[in-house]
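# Coordinate inspection notes
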Amino acid sequence: MSNFRGVHGLWEFRTAGNIWKIVPAEGRLIVGEERDPEKKTVTFFCVALDDGRVRWKGKSMAESWWIGIETAHRGILFIHEYPVPSMPDHKKILAIDALTGNSLWEDGELAFGFASGASVYASKELFDRRAFFELDLMTGSVVREVGADALHSLRAAPEAGWGLDVQLPEGTTEPPEAVRAAFPPTVALEPGETLRYNDMNISNWYEVRPGEGTGRKLCEHLFVIDERSGALLYRDVVCDGLSLPAGSTFFRVEERILYVKDRTTLRSILLSTEGTA
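My aim in this report is to walk through the structure given alongside it, one point at a time. No experiment lies behind these values; they were computed from the predicted model shown.

What counts as what
Along every chain, residues carry numbers that run from 1 in the direction the sequence is written. Residues qualify for local features only when their pLDDT is at least 70, as the model is predicted, and side-chain atom pairs are given and counted only at 80 or more; totals for whole chains, interfaces and linings, by contrast, use all residues. The basis for every side-chain value is the complete set of heavy atoms in the structure, and neither hydrogens nor water enter the calculation. Note on conventions: DSSP H or I runs of at least 4 residues are helices, E runs of at least 2 residues are strands, and numbering of each starts at the N terminus. Relative accessible area decides the class of each residue, using a 1.4 Å probe on protein chains only: under 20% of the type maximum gives buried, over 50% gives exposed, and in between gives partly exposed. The contact criterion used throughout is that any non-hydrogen atoms of two residues lie within 4.5 Å. In this tally Asp and Glu are treated as negative and Lys and Arg as positive; neither His nor the chain ends contributes. By convention, charge coordinates are those of NZ in Lys, CZ in Arg, CG in Asp, or CD in Glu. Whenever a nitrogen or oxygen atom comes within 3.5 Å of another N or O atom, the pair is scored as a polar contact, on the condition that within protein one atom can donate a hydrogen and the other can accept it, and that pairs from neighbouring residues in sequence are kept only if both atoms are in side chains. DSSP bridges decide pairing: two strands pair if at least two such bridges lie between them. To obtain each axis, a line is fitted to C-alpha atoms, and for helices this fit is confined to the stretch in contact; angles are then taken between N-to-C directions over 0 to 180 degrees.

### Some remarks on the overall build of the chain
Along the backbone of the chain there are two helices and 22 strands. Considered along the principal axes of its C-alpha atoms, the chain spans approximately 60 × 55 × 35 Å. Taken over 277 residues, the chain has a buried fraction of 48%. Of all intrachain contacts in the chain linking residues separated by at least 6 positions in sequence, the fraction that spans at least 24 positions is 47%. For the chain, the distance from the average site of its 31 positive side-chain charges to the average site of its 41 negative ones is 3 Å.

### Considerations on unusual backbone geometry
The phi dihedral of Arg74 is positive, around 50°, even though this residue is not glycine. For Arg74, the location among the structural elements is in the loop between strand 6 (67-73) and strand 7 (76-81). Within the chain, Lys92 stands out as a residue other than glycine whose phi angle is a positive 65°. Among the residues examined, Lys92 registers a relative accessible area of 17% and is labelled buried.

### Section: the environment of Asp97
Relative to the helices and strands, Asp97 resides in strand 8 (residues 91-97). Measuring from C-alpha to C-alpha, the distance between Asp97 and Trp205 comes to 36 Å, with 108 residues separating the pair along the chain. At a separation of 2.9 Å, a polar atom in the side chain of Asp97 contacts the main-chain amide nitrogen of Leu99.

### A word on the sheet that holds strand 9 (residues 103-107)
As summarised here, the arrangement of the four strands in space is 6-7-8-9, forming an open sheet in which the pairing is antiparallel. Each end of this open sheet is capped by a strand with a single partner; those strands are strand 6 and strand 9. Direction aside, neighbouring strands of the sheet carry axes that sit 20° apart on average.

### Observations concerning the pairing of strand 9
The pairing of strand 8 with strand 9 spans four bridges and is antiparallel. The partner of Ile93 across the bridge, within strand 9, is Asp107. Between the antiparallel neighbours strand 8 and strand 9 lie five residues, among them Gly101 with a positive phi of about 85°.

### Here we look at the pairing of strand 5 (residues 54-59)
The side chains of a regular strand alternate, residue by residue, between the two faces of the sheet. Sheet topology note: the strand 4 (residues 41-48)/strand 5 ladder contains three bridges and is antiparallel. Bridging across to strand 5, Phe44 finds its partner in Lys59. Linking strand 4 back to strand 5 in an antiparallel pair, the connection comprises five residues, with Gly52 at a positive phi of about 75°.

As structure tokens, this is what we get:
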């Protein structure tokens with residue numbers, strides 16, 4: 001019996017289109033949005049957090065392109081449409097059972113605000129004001145109209161609703177020694193984001209490469225470092241040929257790191273802190 005710290009349990013889920021957004025859902029599920037820019041189609045999928053097993057995939061809605069994921073709450077995936085293609089505002093609420101992919105309910109008049117407890121809070125633009133409503137989570141039925149002050153109080157501390165321990169990365173400045181040592185001294189690095197979990201440092205860094213003319217390109221790398229020993233536990237090239245840093249590209253759900261590689265592969269690794277080697 002010995003202590004073991006490392007990374008293993010890799011699984012992948014590959015798509016034909018680009019993975020645009022992924023969110024955790026109750027039941028140790030990961031649901032995602034796949035966009036095909038050539039066909040102008042959006043479909044949705046769900047895989048198991050622990051092993052990547054496909055629960056369902058290829059689910060499409062009546063709107064084929066101007067549609068996307070809002071969030072997941074208590075095992076329900078919420079999807080929105082757009083009122084017009086040129087505006088970022090959302091319209092319509094479509095509720096999907098995250099486990100089965102079956103449609104539960106929809107409301108074409110309201111826009112999703114947030115979910116908390118057994119309720120969904122939504123809004124509607126009227127002639128002279130914006131009205132807010134509480135809906136039943138499971139049916140979408142209107143429970144009551146809610147005042148703006150009461151809504152603000154509810155939104156200040158909403159329930160996460162994932163049923164999972166989720167950690168998002170934060171900004172970083174200086175690379176760990178093991179990250180710096182992974183590149184030649186002449187290579188410039190730009191910071192991405194970092195999260196720490198059980199004395200492990202998980203971070204992404206952008207290698208600066210020459211581009212066309214006087215331009216440049218970025219190559220994103222993901223690292224897992226043991227902060228106790230400084231050892232490099234895992235490294236992967238996430239995406240090459242970027243013009244700008246990609247923003248948040250990874251996060252932790254329970255003991256797993258999830259990230260999208262080359263835009264079309266959802267990859268997950270298991271962080272082991274103690275166990276039998």
